[in-house]
Amino acid sequence: ADAALIPEPSSHRLTVAQVGVMWFQVKVTGHPVHVYQADAGSNAIESAFRLIQALRELEKDWNARKVDDAHFHDHHPPANFNVGKIHGGDWASSVPAWCTFDMRAGVLPSMSLQQARREVEACVRNAAARDPYLGNSPPTLLWEGFQAEPFVLTGHEAARAVLDAAHRTVFGKPLVDEKSTGTADNRFFGLYAGIPALVYGPKSKDIHGFDECVELESVRRITQSTALFLAEWCGLEKV
């Protein structure tokens, strides 16, 4: 196709750049003993906390590099890390022998996933080497789930001009570009099919949280501008 339109919520703006997203899992082992001699064991949960702290320092480092990124240099911290899942141990009176946590990391467009993975692996490896127990029993890092390259929209000028005209008709002001610290499906069209895809949708609230919702009046107006875009881009014929 010459273009695609994705009505994912974007607060009436056009998403022109987005970070990459990586999911990974870290498995940590410990040395279990009864809690009465806890200092003789190694607590896998506490070791996992130390690894997470090291990854937080890497997050700060990546966000400091935004000054050299053409799209996110003036954005609030774009490379967000998130510990989304954690579980470990077997019962309260034993030093835990295991802990597993899953993390999401955002990747700047100026980086590749390959580079980002190497840095994450080095971070975990170096942090483990400083741990008295993990230095000899290193954690396992698994790359699984979401692995999305960063994406910058290109070749969309013609489609954007039509969408801008439709947007001006409905909203009375020019279409504004935005950069996203999340990722959207337009990357599939652009990275793998060479199709410029416009993410343009209504206002939303609390995405991926409690009471996720969109504003109804915003949906109505976006529907109007989308219909005008489709009519102009695809053309009309009498029935």
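All figures in this text were calculated on a predicted structure; none of them were measured in a lab.

> Hey, could you run me through the overall build of the protein chain in this one?
Counting its secondary structure elements, the protein chain contains 5 helices and 11 strands. Taken along the three principal axes of its C-alpha coordinates, the protein chain extends 80 × 35 × 30 Å. Taking all 239 residues of the protein chain together, the buried fraction comes to 41%. Accessible surface for the protein chain amounts to roughly 13,100 Å². Of this, 53% is attributable to carbon and sulfur atoms. Here the protein chain contributes 23 positive and 29 negative side-chain charges, whose respective centroids are spaced 3 Å apart.

> Just to check I follow, could you spell out the packing of aromatic side chains for this structure?
Aromatic ring pairs are described here by two measures, namely the spacing of the ring centres and the angle between the planes. Taken as a whole, this structure holds 5 aromatic pairs when the rule is applied. Consider the rings of Trp23 and Phe146, whose centres lie 5.7 Å apart with planes at 55°: the pair is tilted. Remark: Phe146 occurs in strand E6 (residues 140-148) and Trp23 occurs in strand E3 (residues 20-29); sequence separation between them is 123 residues. Classification of Trp23 as partly exposed rests on a relative accessible area of 43%. According to the relative accessible area criterion, Phe146 is partly exposed, its value standing at 28%. Pairing Phe229 with Trp233 gives two aromatic rings, centres 5.9 Å apart and planes at 10°, and the pair type is stacked. Of this pair, Phe229 and Trp233 both sit in helix H5 (residues 216-234), 4 residues apart, which is roughly one turn of the helix. For Trp233, a relative accessible area of 29% translates into the label partly exposed. It is Arg117 that lies over the ring of Trp143; its NZ or CZ is 5.8 Å from the centre. Across the ring face of Phe188, the terminal group of Arg187 is positioned such that the distance to the ring centre comes to 4.2 Å.

> I keep staring at the nonpolar core and nothing clicks. Help me out?
One broad rule of soluble globular proteins: the nonpolar side chains tend to lie buried together. Core analysis: the largest hydrophobic core is formed by 33 residues, its most contacted members being Leu55 and Trp62. Leu55 has contacts with Phe24, Phe81, Phe101, Met103, Val120, Cys123 and Val124, leaving out every residue within four places of it along the chain. Counting residues in hydrophobic clusters, the runner-up holds 16 residues, among them Phe151, Ala166, Tyr200 and Ile222.

> I'm lost on the sheet that holds strand E5 (residues 98-107) in this one. Help?
Backbone-to-backbone hydrogen bonds join strands into a sheet, with any given pair of strands oriented parallel or antiparallel. Spatial ordering of the open sheet is given by E4-E5-E3-E6, a layout of 4 strands whose pairing is antiparallel. The sheet is open, and its two edges are formed by strand E4 (81-88) and E6, each paired on a single side. Taken over all neighbouring pairs, the strand axes of this sheet differ in orientation by 15° on average, direction set aside. The pairing of E3 with E6 spans 6 bridges and is antiparallel. Bridge pairing in E6 places Val26 opposite Leu141. Its contacts with the sheet put helix H1 (residues 44-64) on E3, E4 and E5, and the angle it makes with E5 is roughly 10°.

> Help me out: how do you make sense of the pattern of salt bridges in this one?
Where charged atoms from two side chains of opposite charge approach closely, those side chains can pair. Under the defined criterion, the tally for this structure stands at 8 salt bridges. Of the charged contacts in the structure, one is a salt bridge between Lys60 and Glu57, with a shortest N-O distance of 3.3 Å. With Lys60 and Glu57 both in helix H1 and 3 residues apart, this pair spans about one turn of that helix. Its relative accessible area of 48% is what places Glu57 among the partly exposed residues. What you see here is one network of salt bridges that share partners, running through Asp61, Arg65 and Glu119.

Calculation criteria
- Residues numbered from 1 in each chain as written.
- Predicted model: local features only at pLDDT ≥ 70, side-chain atom pairs only at ≥ 80, totals over all residues.
- Heavy atoms only, no water.
- Helix = DSSP H or I, 4+ residues; strand = E, 2+ residues; numbered from the N terminus.
- Buried < 20%, exposed > 50% of the residue type's maximum accessible area, 1.4 Å probe, protein only.
- Areas by Shrake-Rupley, 256 points an atom, 1.4 Å probe, with all protein chains shown as cover.
- Lys, Arg positive; Asp, Glu negative; His and termini not counted.
- Charge placed at Lys NZ, Arg CZ, Asp CG, Glu CD.
- Phe/Tyr/Trp six-rings, centres within 6.5 Å; stacked < 30°, edge-to-face > 60°.
- Lys NZ or Arg CZ within 6 Å of the ring centre and 35° of its normal.
- Core = buried A, V, L, I, M, F, W, Y, C linked by side-chain atoms within 4.5 Å.
- Contact = heavy atoms within 4.5 Å.
- Pairing = 2+ DSSP bridges.
- Axes fitted to C-alpha atoms, helices over the stretch in contact; angles between N-to-C directions.
- Salt bridge = Lys/Arg side-chain N within 4 Å of Asp/Glu carboxyl O.

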